[in-house]
Amino acid sequence: MNLCPLHDRVIVKRLDQETKTALGLIIPDAAAEKPDQGEILAVGPGKRDDKGTQNALDVKVGDRVLFGKYAGQNVKVDGNELLVMREEDIMAVLVK
């Protein structure tokens, strides 16, 4: 991937959502909501504060994260749909 985020931005790949309910009903693509979970593929170096010190991000490559439905900007790179968002748009990191 030739995409390097700047400052406090991260590159996220949405995780696939279940297409079947607990009862076995299949949800068609048109009715399915966009998943609000993803895996971080790349992180920026961090944002600079007023003194010029660069503050590293709290998330890292490989983290599974939760974010809002409308968070980030959709981009297409090498045929893959990715999201570019600020770290502050991430609500939580999923812990295994």
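The present account deals with the structure reproduced in this document. Keep in mind that what you see is a predicted model, and the values were worked out from it rather than measured.

Strands belonging to one sheet form pairs held by backbone hydrogen bonds; the direction of such a pair is parallel or antiparallel. With respect to topology, six strands assemble into an open sheet ordered S6-S7-S1-S2-S5-S8, the strand pairing being antiparallel. The strands lining the two open edges of the sheet, one partner per strand, are strand S6 (73–77) and strand S8 (90–94). The average undirected angle you get between the axes of adjacent strands in this sheet is 45°. Across three bridges, strand S2 (residues 37–43) lies against strand S5 (residues 64–67) in antiparallel orientation. What sits directly across from glutamine 37, in S5, is leucine 66.

Another aspect to go through is the nonpolar core. By size, the foremost hydrophobic cluster in this structure holds eleven residues: Val10, Val12, Ile40, Leu57, Val59, Val65, Phe67, Ala71, Leu83, Met85 and Ile90. Looking at this core, the elements that each hand over two or more residues are strand S1 (9–14), S5 and strand S7 (80–86).

The side chains of a regular strand alternate, first on one face of the sheet and then on the other. In terms of strand pairing, S6 meets S7 through five bridges, oriented antiparallel. Across the sheet, the residue bridging to valine 77 is asparagine 80, located in S7. The hairpin formed by S6 and S7 contains two residues between the paired strands, and aspartate 78 there has a positive phi angle of roughly 55°.

What counts as what
Residues numbered from 1 in each chain as written. Predicted model: local features only at pLDDT ≥ 70, side-chain atom pairs only at ≥ 80, totals over all residues. Heavy atoms only, no water. Pairing = 2+ DSSP bridges. Helix = DSSP H or I, 4+ residues; strand = E, 2+ residues; numbered from the N terminus. Axes fitted to C-alpha atoms, helices over the stretch in contact; angles between N-to-C directions. Core = buried A, V, L, I, M, F, W, Y, C linked by side-chain atoms within 4.5 Å. Buried < 20%, exposed > 50% of the residue type's maximum accessible area, 1.4 Å probe, protein only.

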